[in-house]
Structure formats: structure tokens, C-alpha cells
Amino acid sequence: MVLFLFPVYYLILGSFETPAQTLNGLQGAVPSSLTMQNYHTLSQTFFSAQITGSLKGFYTVSTLVSLLVVVGGLIVNSLAGYGLARLKFKGRRLLLLLVIVLVIIPFEAIAVPLYYMLSGLRNTLIVQALPFIGSAFSIYLFYTFFLNLPPQLEEAARIDGAGPWRTFLQIILPNAKPAFASVAILSFIQIWSSYLWPLMMTSQPNVYPLSIAIGNLVKQQSTPNYGEMFAFGVLLVVPMAIFFIVFQRWFIRSVASLAVKG
Amino acid sequence: MLIPGIGLIIAFMLVPFFYSLWLSTHVEIVGSSIPVRSVGLEFYRHLFDDPIFRGVFLKSLQNNAIFALIVVPLQTGLAMFLAILVNRSGAFVKFCRTTFFLPVVFPMVLTSLIWKAILAPGPDGMLNAILHAVTFGHFTPQYWLGNVHLALPSIILLSIWQGTGFQMVIFLAGLQGIPSSHYEAALIDGANRWQLFRDVTFPGLRNTTIFVVMVTTIFSLRVFDQIYLLTQGGPLNSTSSVMYLAVSQAYEANNVGQGAAISVVLCFIILLMSLIQRQVLKERVD
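As the structure is a computational prediction, the values presented were derived from the model and not from experiment.

S.K.: I tried to follow the overall build of chain B on my own but got confused; where do I start?
M.R.: Helix and strand counts for chain B stand at 13 helices and two strands. With the C-alpha coordinates aligned to their principal axes, the bounding extent of chain B is approximately 80 × 60 × 35 Å. Counting only residues that meet the buried cut, chain B has 43% of its 286 residues in that class. Taking as baseline every contact in chain B between residues at least 6 positions apart, the subset at least 24 positions apart corresponds to 64%.

Take a look at the structure:
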């Protein structure tokens with residue numbers, strides 16, 4: 001319990017202290033003379049567009065990329081999952097097999113060729129989102145969910161002469177909230193934390209997401225200013241933590257839904 | 001209806017996979033007029049033959065294997081233990097559950113940052129200070145991330161901290177799937193807590209366990225962020241991983257073919273592992 005909580009506590013405490021207080025043996029775990037200085041310094045750089053980029057810029061990039069991946073992903077992957085589960089067409093089994101094989105291959109294993117394929121789009125926002133919108137994993141989650149929906153739901157619509165699109169929008173969408181929530185949450189965790197891809201694809205501070213901005217601090221400083229870095233880290237994790245605490249039940253359910261696919 | 005989703009995964013997953021096969025068998029010098037030429041399996045031969053490169057590659061493979069052999073059983077066991085512990089209702093239990101899961105929403109960048117401070121060298125580092133205190137001064141401060149023998153265990157420690165909550169939740173879902181009648185039957189037979197675990201809980205979690213082991217194994221093979229951020233594979237390649245090597249070859253050493261070849265090897269290792277584990281899963285179910 002303590003082991004799990006301590007690093008979180010250390011992060012929050014350190015963000016209100018000077019680096020000398022944080023790196024001070026056991027004393028580093030005891031709150032003393034707390035200061036807002038780190039947050040104050042950060043807020044000053046929030047709007048100022050320096051060569052090193054501004055905090056506002058990093059936030060904007062991370063937010064836009066996450067929105068694109070989450071929203072775009074929900075649309076294309078739910079449609080594909082529904083098509084695989086309900087439409088009858090030639091090659092359906094083959095496509096399903098393709099999806100299952102691609103679920104196994106992690107992004108890291110194709111990052112290098114992808115980097116060369118898309119190097120023309122370096123330092124753009126769109127390239128940071130592009131490879132993650134279509135996701136074999138999300139398609140598979142939607143597929144299994146739609147497969148388990150009772151077919152009677154759609155029969156009434158079919159009798160009314162509705163095509164697959166109208167059935168999807170009017171009948172399936174309202175009944176698939178848990179699946180949408182799971183996919184949204186899991187893809188948000190993934191994209192908000194992603195590091196390798198933006199590392200390869202960005203070299204200009206104006207397109208850095210938060211993870212790269214903070215990663216550069218972790219990597220470079222030989223005598224790190226832990227106070228400011230910790231404050232920065234708190235700001236990085238706060239959106240996720242709020243999201244997590246508010247939607248905790250959904251979070252846990254969505255991770256648990258992974259086990260279904262085993 | 002299927003076209004956007006399937007099209008995207010073909011374009012950004014299947015095509016890159018085949019492209020990496022092509023890249024790994026050709027030499028292309030970016031931005032030069034020297035024509036692209038085929039080199040066959042030269043880059044793959046490098047991995048196992050080249051006197052200098054072979055050492056680094058095999059060392060990275062070995063590190064991945066050590067990482068997996070420690071992380072998979074330890075993290076799976078810990079996650080199962082915690083899941084059983086918090087599989088109850090109550091405010092405090094709920095708080096514990098939240099605590100164990102919280103690190104999962106911490107991006108690896110942030111995890112690396114916190115642990116960089118905790119693992120700081122010298123007597124001022126938190127871990128050093130704690131160990132110094134609990135051993136009543138018998139512990140000599142260590143340079144955790146700079147010591148050939150301690151760097152990999154340090155990386156493993158922070159990876160387990162970040163990853164355990166995720167597996168715990170999957171186990172929780174597995175526990176909810178065990179019918180309570182099984183426990184009742186065992187209790188009527190006079191089973192004690194250990195027997196309950198051995199005869200009801202553990203068999204009930206069999207499929208969940210296999211799934212968790214599979215996910216964690218794949219996770220162990222792709223480890224990159226924390227190594228890049230904290231040790232850059234050092235000291236003396238003691239923390240280099242296959243993925244770290246692939247990226248540093250392709251991206252930093254500008255050796256596209258070599259990086260692609262390593263990616264292809266990694267892909268095949270992962271596919272092979274999944275096939276084996278899928279087979280095990282099937283046998284157990286039958």
C-alpha cells in the first residue's frame with residue numbers, strides 16, 4: 001500500500017518544494033516550507049512562446065491529438081466492428097483473421113518502418129494521431145460487443161426497411177454505450193501517454209506534446225530541477241487523474257473488458 | 001461501412017510490416033543519389049555474425065528475457081494477490097483499489113521522472129536513505145541507474161510499480177466470474193483459506209492468468225520509454241532492449257535497414273510467443 005502510494009506522494013510534495021528539499025535523504029519525504037514557486041514559474045511560461053515552446057502549446061497539441069484519436073477512432077472502429085459482426089460478405093473471415101493477427105502486433109514493432117513511410121509529415125499534428133485512429137484492438141472489442149448484442153434488437157428495424165447504416169445509428173449506438181466508453185478510455189490512456197511515436201515524429205517545440213516536453217527535461221538536465229519538473233508532471237497527470245476518479249467505475253470496467261478477449 | 005477502419009489498420013499496420021521486410025533487405029542512403037540496392041539477408045546476418053554488433057544484439061535479447069522472466073511471474077503474482085485482497089466491498093478496500101490502479105494512468109515519462117528522483121545516487125537519494133535507515137547505517141548508498149548490476153533491476157522495479165494495477169483489475173474481473181456456489185461447496189467440505197485458494201480461486205482464474213501472462217510477456221518485449229529516458233541502454237548495454245536497439249539504429253545511427261531487421265525479428269518473436277500461448281490456452285480448455 002505504502003509502496004504504491006509513496007511515489008505519488010513524493011511527486012506531489014516535491015512539486016511544492018525546492019529541489020534541495022526534495023533530494024535530501026529521508027527529509028525529502030517530510031513536508032517543510034512549502035512554496036508555490038514551481039507552479040508560479042510554470043505559469044509564467046504558460047503563454048510565452050519561447051524557443052523552448054510554451055506549456056499552453058504542449059497542452060493544445062496533446063489535447064488535439066487525443067481528441068482526434070479518441071473521436072475518430074470511435075467512429076471508424078465501431079463501424080468496422082459492426083460490419084464484421086453483422087454484415088455478410090465475401091472475405092469476412094479473412095478480414096477477421098487479419099484483425100486478430102494485428103491485435104497481437106504491438107505498435108513498437110512497426111514504429112521504425114512507419115517512421116520512414118510518414119517522414120514527409122514530420123512535425124505536423126495529424127501525423128501524431130494518424131497511426132492510432134484505426135486500431136485493430138478497438139475493432140476487436142467492438143466486434144465482440146456487437147456479436148453479443150441480441151439480434152432481435154435489429155430485426156424490428158430491418159422489418160421497417162432500414163439499411164445497415166440507419167440500423168447502426170438508431171438501434172446500435174444507443175445500446176452500445178459501455179463499448180464506446182471502454183474504447184474511449186483505453187485509447188485516451190494510450191494516446192495521452194504515448195512517447196515513442198511523437199519522439200520520432202517531432203523535432204520542433206511548437207508541435208511537442210506534453211510527454212515529449214517533459215521527457216526532454218528528464219533526459220537532459222544533469223542537475224535536475226526536480227521542483228519544476230515535478231510541478232510539470234503533476235500538470236501532465238492531473239487531466240488523467242481527474243478523468244480517472246470521475247469515471248473510475250468505467251475505467252475499471254473497461255480494463256476488465258480486456259479479459260473477455262483472452 | 002468497414003472501409004475506413006479496416007483501411008486505416010491496413011495502411012498503418014499491415015503495410016508497415018511488409019515495408020519493414022523490404023527495408024531490412026535493401027540499402028538506401030537517404031538524400032543521396034546512390035541507387036537503392038538489395039543486400040539480401042545481410043542485415044539479419046549482422047545480428048548474429050558481426051563481431052561487434054552481435055554482442056549488443058544478444059545482450060539486448062538477454063535483457064528482454066531477464067526482464068520478462070522477472071516481471072511476468074512477479075507482476076502476475078502480485079496482481080493476483082492484490083486482486084484477491086481488494087475483492088470485497090467497503091470504503092477502505094475501495095480506496096486501496098484506487099491506489100493500486102492509480103499508477104496505470106501515469107504515463108511512463110512521468111513514472112520515469114519520479115523514479116529518477118527516488119533512485120538518485122548518493123546519500124541524498126530517497127531509496128538510498130530509506131535503505132540506510134532500515135539497516136541502521138549498514139547500507140552503502142548505490143548509484144542505482146549507473147551500476148551495471150543494479151540498472152536493470154531498477155528499471156524492472158519501476159515498471160512493476162506502473163504496470164501491476166492494470167493486471168490487478170483484469171484479475172478482479174476474473175474473480176467476479178467465479179460462481180459463489182463453488183466457494184460455498186468448498187466451505188461445506190470444511191476447506192480452510194489456503195485450500196479455498198488452491199481448489200477454487202486458482203483454477204477459476206486459470207484463463208485470466210494465461211491472458212495476463214500473455215499480455216505481460218508482450219509488454220516485456222516492447223519495453224522502450226523508461227530505458228530511453230533513464231539509461232539510454234547503459235551502462236555498458238546492461239539495460240539495452242531489443243526495441244531500444246531498433247530505434248537507436250534506425251533513428252539515431254541512421255541505419256534504416258538494421259533497425260528494420262531488428263523490428264522484423266521482434267515481430268516474429270512476439271507472434272511466436274502468442275501462438276505458443278494460444279496453444280497452451282486451447283489445451284487447457286479442452
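S.K.: Which parts of the structure should I look at to understand the interface of chain A and chain B?
M.R.: Where interface size is given, it is often the accessible area lost as the parts come together that is meant. Counting residues at the interface gives 71 residues for chain A, matched by 73 residues for chain B. When residues in the side of chain A that touches chain B are grouped by element, the largest group, nine residues, is from helix H6 (residues 107–117) of chain A. Partitioned by chemical class, the residues of the side of chain A that touches chain B number 54 nonpolar, 15 polar and two charged.

S.K.: How should I be thinking about unusual backbone geometry in this particular structure?
M.R.: Across the chain, the bulk of peptide bonds are trans and the bulk of non-glycine residues have phi less than zero. Residue and element names in this part refer to chain B. In the Ramachandran plot, glutamine 232 falls in the positive-phi region, its phi being about 50 degrees despite a non-glycine side chain. Accessibility expressed as a C-beta count within 10 Å gives 14 for glutamine 232, which makes it partly exposed. The phi dihedral of asparagine 237 is positive, around 60 degrees, even though this residue is not glycine.

S.K.: Would you mind showing me how to read helix H13 (residues 210–220) of chain A here?
M.R.: Three or four residues apart is the spacing at which side chains of an α-helix point the same way, because the helix has 3.6 residues per turn. Within H13(A), burial applies to Leu210(A), Ser211(A), Ile212(A), Ala213(A), Ile214(A), Gly215(A) and Val218(A). In this fold, the buried residues of H13(A) make contact with helix H4 (55–86), helix H11 (177–193), helix H12 (196–201) and helix H14 (226–246) of chain A together with helix H5 (108–118) and helix H11 (225–230) of chain B.

S.K.: Please explain the packing of helix H7 (residues 151–176) of chain B against helix H10 (residues 206–222) of chain B as it appears in this structure.
M.R.: Geometrically, a packed helix pair is captured by the angle between its two axes and the distance between the axes. Residues and elements named next belong to chain B. Between H7 and H10, whose axes approach to 10 Å, the crossing angle comes to 160 degrees. As judged from the angle between their axes, H7 and H10 are roughly antiparallel. The hand of the H7/H10 crossing is right-handed. Residues Gly163, Gln167, Ile170, Phe171 and Gly174 of H7 lie in contact with H10, whose contacting residues are Thr208, Phe211, Val212, Thr216 and Phe219. The class makeup of the residues in the contact of H7 with H10 is five nonpolar, five polar and no charged.

Calculation notes
- Residues numbered from 1 in each chain as written.
- Chains lettered and ligands numbered in written order.
- Predicted model: local features only at pLDDT ≥ 70, side-chain atom pairs only at ≥ 80, totals over all residues.
- Helix = DSSP H or I, 4+ residues; strand = E, 2+ residues; numbered from the N terminus.
- Buried ≥ 20, exposed ≤ 12 C-beta atoms within 10 Å, placed from the backbone.
- Contact = placed C-beta atoms within 7 Å.
- Nonpolar A, V, L, I, M, F, W, Y, C, P; charged D, E, K, R; others polar.
- Axes fitted to C-alpha atoms, helices over the stretch in contact; angles between N-to-C directions.
- Parallel < 35°, antiparallel > 145°, perpendicular 65-115°, else oblique.
- Left-handed = near helix turned anticlockwise from the far one by under 90°.

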